[in-house]
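Chain by chain, the residues:
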Amino acid sequence: MLRYCDVCRERFAALDGRDPLEIPDPPADEAWRRFRWDSVTGAVRDLAAAVHEHGKPITAAVFATPAEARRLVRQSWDEWPLDRFFPMLYQHAYGEDIEWIGECVREGVAALAGGGGEGGPRPGTPLTAGLQLRWLEPAELAEAVARAREAGAAGVATFEMHGLSDEHVAALRGVVG
């Protein structure tokens, strides 16, 4: 059974004239999906404005690509006015290989290249590839970093507390200059 908060249902009905619970397949309805993306984006824009007012940068770890983020978690992160993005490119979680990391970076960099329009990121906002160490042996980490950099990542971040081993560092020496 689908459940949506009363406030969201009322706001959507005021805009669209329908209650999402009366839509046969709400997740497939373009207007309802757009409403949900815009709701999250509005909250992010408000947060970013408050942070920028204090002269501070704001970043986010986001789902792998704009398309996947929209589909899975209603994030339209390529429309967010952030200073840097850290897509979580956890290939193992998606059942993908290392090459997928580069594909995701290319998609994200392309989405950010033109900016997100009014209220979105500035053109060319940096994308830092987020890699999950627990799923990367040292040689795989080196390959993942190389693919991310070749695809246009501004940098690489690793996620996992205390996961970077001496072997990982040694493998990176040939990739990171």
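Thresholds, definitions, all that
In this convention, every chain numbers its residues from 1, walking through the sequence in written order. With the structure being a predicted model, the display of local features is reserved for residues of pLDDT at least 70 and the display and counting of side-chain atom pairs for 80 or more, all residues being used for whole-chain, interface and lining totals. Calculation of side-chain values draws on the structure's entire complement of heavy atoms; hydrogens and water are dropped beforehand. A side-chain nitrogen of Lys or Arg and a carboxyl oxygen of Asp or Glu constitute a salt bridge if their distance falls within 4 Å. Numbering of helices and strands runs from the N terminus, with a helix taken as a DSSP run of H or I at least four residues long and a strand as a DSSP run of E at least two residues long. Here's how the labels work: a residue is buried when its accessible area is under 20% of the maximum for its type, exposed when over 50%, partly exposed in between, all with a 1.4 Å probe on protein chains only. The span one expects for a helix is its residue count, reduced by one, times 1.5 Å. Pairing of aromatic side chains here covers Phe, Tyr and the six-membered ring of Trp, requires ring centres within 6.5 Å, and sorts the geometry by plane angle: under 30 degrees stacked, over 60 edge-to-face, intermediate tilted. Cation placement over rings: the criterion is NZ of Lys or CZ of Arg within 6 Å of the ring centroid and within 35° of the ring normal. Note on method: axes are straight lines fitted to C-alpha atoms, helices fitted across the in-contact stretch only, with angles between N-to-C directions ranging 0 to 180 degrees. Roughly parallel means an angle under 35 degrees; roughly antiparallel means over 145; roughly perpendicular covers 65 to 115; every other angle is labelled oblique. Take the far helix as the reference: if the near one is turned anticlockwise from it by less than a right angle, the crossing is left-handed, and if turned clockwise, right-handed. The contact criterion used throughout is that any non-hydrogen atoms of two residues lie within 4.5 Å. Whether a crossover is right-handed comes down to one check: with the strands pointing away from the viewer, does the path from the first strand over the helix to the second run clockwise; if it does, it is right-handed.

(A) Highlighting the pattern of salt bridges. Tallied over the full model, the rule gives twelve salt bridges. For the salt bridge of R18 with D29, the shortest nitrogen-to-oxygen distance reads 3.0 Å. Taken together, the positions of R18 in the loop between α1 (6–16) and α2 (30–53) and D29 in the loop between α1 and α2 put the pair eleven residues apart, joining distant regions of the chain. For D29, a relative accessible area of 15% gives the class buried. A salt bridge links R147 to E143, with the shortest nitrogen-to-oxygen separation between them at 3.2 Å. In this pair, R147 and E143 both sit in helix α5 (residues 138–150), four residues apart, roughly one turn of the helix. On the basis of relative accessibility, which here comes to 34%, the residue E143 falls in the partly exposed class. One network of salt bridges, in which partners are shared, links R34, D38, R70, D78 and E79.

(B) Inspection of helix α4 (residues 99–113) at higher detail. For α4, which comprises 15 residues, the first-to-last C-alpha distance of 21 Å matches the rise-based estimate of 21 Å (1.5 Å per residue) to within 8%. Of the residues making up α4, those classed as buried are W100, I101, G102, C104, V105, G108 and L112.

(C) Molecular detail of the packing of aromatic side chains. Considering all chains together, one arrives at eight aromatic pairs under this definition. Relative to F85, the ring of W77 lies with its centre 5.2 Å away and its plane at 35°, an arrangement referred to as tilted. Judged by its relative accessible area of 0%, W77 falls in the buried class. Summarising the aromatic geometry, the rings of Y94 and W100 are spaced 4.7 Å apart at their centres and angled 35° between planes, so their arrangement reads as tilted. The class of Y94 is partly exposed, set by a relative accessible area of 25%. One aromatic cluster in this structure is built from Y4, F12, W32 and F35. Across from the ring centre of W37, 5.4 Å away, lies the NZ or CZ of R70, which sits over that ring. The cationic tip of R134 hangs over the ring face of W135; the distance from NZ or CZ to the ring centre is 4.7 Å.

(D) Looking closely at the packing of α4 against α5. In contact at an axis separation of 8 Å, α4 and α5 are set at 25° when each is read in the N-to-C sense. In terms of their interaxial angle, α4 and α5 are classed as roughly parallel. With respect to the hand of their crossing, α4 and α5 are arranged in right-handed fashion. From α4, E99, I101, G102 and V105 reach across to α5, where they touch A144, R147 and A148.

(E) Highlighting the pairing of strand β3 (residues 128–132). Along β3, five of the five residues are buried, which leaves the element largely enclosed by surrounding structure. Where burial is concerned, the two faces of β3 agree: the one with T128, G130 and Q132 and the one with A129 and L131 are both buried. The handedness of the β3 to strand β4 (residues 155–159) crossover, carried by α5, is right-handed.

Purely spatial values, then, with no claim about function.
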